[in-house]
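# Residue-level structure breakdown
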Amino acid sequence: MADSYAEEFNYKIINDPIYGCISLSETEVQLLDTRAMQRLRRIRQMGFASYVFPSGEHSRFVHSLGVLCIMGKMCEHLYRQYGHSQKGDICFTLDDARKLRIAALLHDVGHFPFSHLTECVYSYMFNEQNTSTIVQGPEISANNNLQLLGDLANFKKRKANDHEHMGAEVVKKDPEITAILESADVSPDEIGQIIIGDTQAKPVYAQLLHSSLDADRLDYLLRDSRQAGVSFGNVELEYILRQLRIKKCKLRRDSGIEDDATIELVVFDIRGQHAIEHFLMARYFHYTQVIQHKTSIAFEAAAKALVYKVLRNTSTPYADYDAITACIGKDDFYQYTDDFLWETIRKECMSSSDAYIKTLWECVSQRKKPVHVLTLTDIIPKKSVNSKEKPVNDPVYFLTKWLVQNTLSDLAQAAGIDPAFIGYVESSVYLESISSYLKAEDCSLDEFPDEIRGAIRIMDKEGNITFLASDHKSLINKMVDFTSNTLDIFVLGNVETDKAERLKQAILSKTKNK
């Protein structure tokens, strides 16, 4: 049984600094050599975090290999358990492994340049074009820079037009990829569904690639931490993966059908609980200390505003999501990389006389560090927590946020700073997607959203399955109902230190007086 798995997935070995060796099948090697996958060599994984952590310059290509490696470890473990024995009629076949490994390898094939920030810009532009006002900020135009930094920095991407949905389009439309998949008797449509997590008939697939503990999150924690030079990624990977199980779980129905539904879901043996808790905490600190570092997110905010300006002022084949989708299979798509976007931005900025664009360009091209003004952090309850529970938050935090959103011009005037160059970013991170009071037995198949499907389930020695988040003996249970929010305020350009200090005092004076 194990030999048949090793025989298929050891066609080629690639050396890797994280896992030592990554084994691939012949089909996976063919996919790796497609133009769509090779494009990912020219898209950085960590975006502008490398401006703070200089060694974090690895690509989406190597991350994709890492996700394939971890998915391969998951699949081999599950195949050893359920490949032939069919414990309780549960079966995990080589065909399951093929699909999951391919989906893992291709999961970022639709990624936009500049990591995730370009997705947010396109979503912002879509919202700008399709509504009369911006949902998360005041109405603006391409010629009005007031609050553009803050609006773009805090705008959330549209799930329907993110890199995963773009990836599904690539898998279905790229002639090289579709030909390879079809020759291997693998459906491009099914791989696309796994990539976007649309696998209601097979939720195990979605859990292994889209959950609180999946192959993608494991690799980016291990790899990004290692490349950034921090130690948050030192988790018990092998031990966690060995606790993987597939179990039949009962879910009630609310649609009038009398019988409850039984579906197969990924669970973890209770022996791995502490290692999993360690992973969740490590991921939390990786976000707060690396991904949401105050300097890198300020550079990212400047880059978002610059990309927005350039896309509005320049004619390219990449005007919006639909235009990019139309490029799939053509040279234009394969050329849409960090390099192309940098060169497009450079040309626009060199020919522009706009002082705002010039300042943004100097910031991101020369690493002219934004001037830090103020950082506030607050731990607040999730919205879904019992409404009777007393909120735990700092009113100064919320008042400060309100001030920079609604009185920016007044604050800027008090400090003698152009308000267009004042930005703010609110970052949020939490340990788990669900709340502590949610019980596994209360979940309904008729209402089975991603956050419930992807929540970590633990199985005890008696075979009882519960959410880790609802385990009262776990420290995670005490923390899962809260979100850590951080508000960072900064100024771009050659602003004097005393003016930045005046801006800080202008904010603090108003919060203290309330």
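Please refer to the structure placed before this passage.
Since the structure is predicted, the reported quantities are computational estimates derived from the model, not experimental observations.

Mapped onto the secondary structure, Arg242 falls in helix α13 (residues 237-242). With 168 residues separating them along the chain, Arg242 and Met74 place their C-alpha atoms 8.1 Å apart.

Leu106 and Ile191 are the most contacted members of the largest nonpolar core, which has 163 residues in total. Met46, Phe53, Ala228 and Val290 belong to the second-largest nonpolar core, a separate cluster that totals five residues.

This part is about the side chain of Asn145. Mapped onto the secondary structure, Asn145 falls in the loop between α6 (117-130) and α7 (148-153). If near-sequence neighbours (up to four positions away) are discounted, Asn145 is found in contact with Lys309, Tyr356 and Ala420.

With that settled, consider helix α19 (residues 355-365). Buried within α19 we find Tyr356, Ile357, Thr359, Leu360, Trp361, Cys363 and Val364. Positive backbone phi, at 50°, marks Arg367, one or two positions downstream of α19.

Let us look at the packing of helix α15 (residues 294-313) against helix α18 (residues 338-351). Two numbers describe how α15 lies on α18: the axes approach to 10 Å, and their chain directions differ by 75°. Between α15 and α18, the crossing angle belongs to the class labelled roughly perpendicular. Seen from α15, the contacting residues are Leu306, Val307, Val310 and Asn313; seen from α18, they are Leu341, Thr344, Ile345, Glu348 and Cys349. Residue classes in the contact of α15 with α18 are distributed as six nonpolar, two polar and one charged.

A few words now on the packing of aromatic side chains. The relative placement of two aromatic rings is captured by the distance of their centres and the angle of their planes. Enumeration over the complete set of coordinates arrives at 20 aromatic pairs. Ring geometry for Tyr318 versus Phe340: centroids 5.1 Å apart, planes at 80°, classification edge-to-face. On the criterion of sequence distance, the pair formed by Tyr318 in the loop between α15 and α16 (321-327) and Phe340 in helix α18 is long-range, its members being 22 residues apart. Above the plane of the ring of Phe333 lies Arg39, whose end atom (NZ or CZ) is 4.6 Å from the centre. Sitting over the ring of Phe61, Arg41 keeps its end group 4.0 Å from the ring centre.

On to empty space enclosed by the protein, then. One pass over the full model with this rule turns up three cavities of 30 Å³ or more. Around the largest cavity, the lining residues are Gln207, Leu208, Ser211, Leu213, Val266, Phe268, Gly454, Ala455, Ile456 and Arg457. At the level of secondary structure, the elements contributing two or more residues to the lining of the largest cavity comprise α11 (203-209) and β4 (261-269). Considered class by class, the residues forming the lining of the largest cavity number six nonpolar, three polar and one charged.

Further remarks concern the sheet that holds strand β8 (residues 465-467). Pairing within the open sheet is mixed, and its four strands lie in the order β3-β4-β7-β8. The sheet terminates laterally at β3 (244-251) and β8, the two strands that pair on one side only. Along the sheet, successive strands turn relative to each other by an average axial angle of 50°, direction set aside. Here two bridges tie β4 to strand β7 (residues 457-459), and the two strands are oriented parallel to one another. Paired with Asp269 across the two strands is Met459, which belongs to β7.

Calculation rules
- Residues numbered from 1 in each chain as written.
- Predicted model: local features only at pLDDT ≥ 70, side-chain atom pairs only at ≥ 80, totals over all residues.
- Heavy atoms only, no water.
- Helix = DSSP H or I, 4+ residues; strand = E, 2+ residues; numbered from the N terminus.
- Core = buried A, V, L, I, M, F, W, Y, C linked by side-chain atoms within 4.5 Å.
- Buried < 20%, exposed > 50% of the residue type's maximum accessible area, 1.4 Å probe, protein only.
- Contact = heavy atoms within 4.5 Å.
- Axes fitted to C-alpha atoms, helices over the stretch in contact; angles between N-to-C directions.
- Parallel < 35°, antiparallel > 145°, perpendicular 65-115°, else oblique.
- Nonpolar A, V, L, I, M, F, W, Y, C, P; charged D, E, K, R; others polar.
- Phe/Tyr/Trp six-rings, centres within 6.5 Å; stacked < 30°, edge-to-face > 60°.
- Lys NZ or Arg CZ within 6 Å of the ring centre and 35° of its normal.
- 1 Å grid on protein atoms, 1.4 Å probe; cavity = no way out; pocket = protein on both sides within 12 Å on 5 of 7 lines; lining within 4 Å.
- Points joined across faces, edges and corners; volume = space filled by probe spheres on them.
- Pairing = 2+ DSSP bridges.

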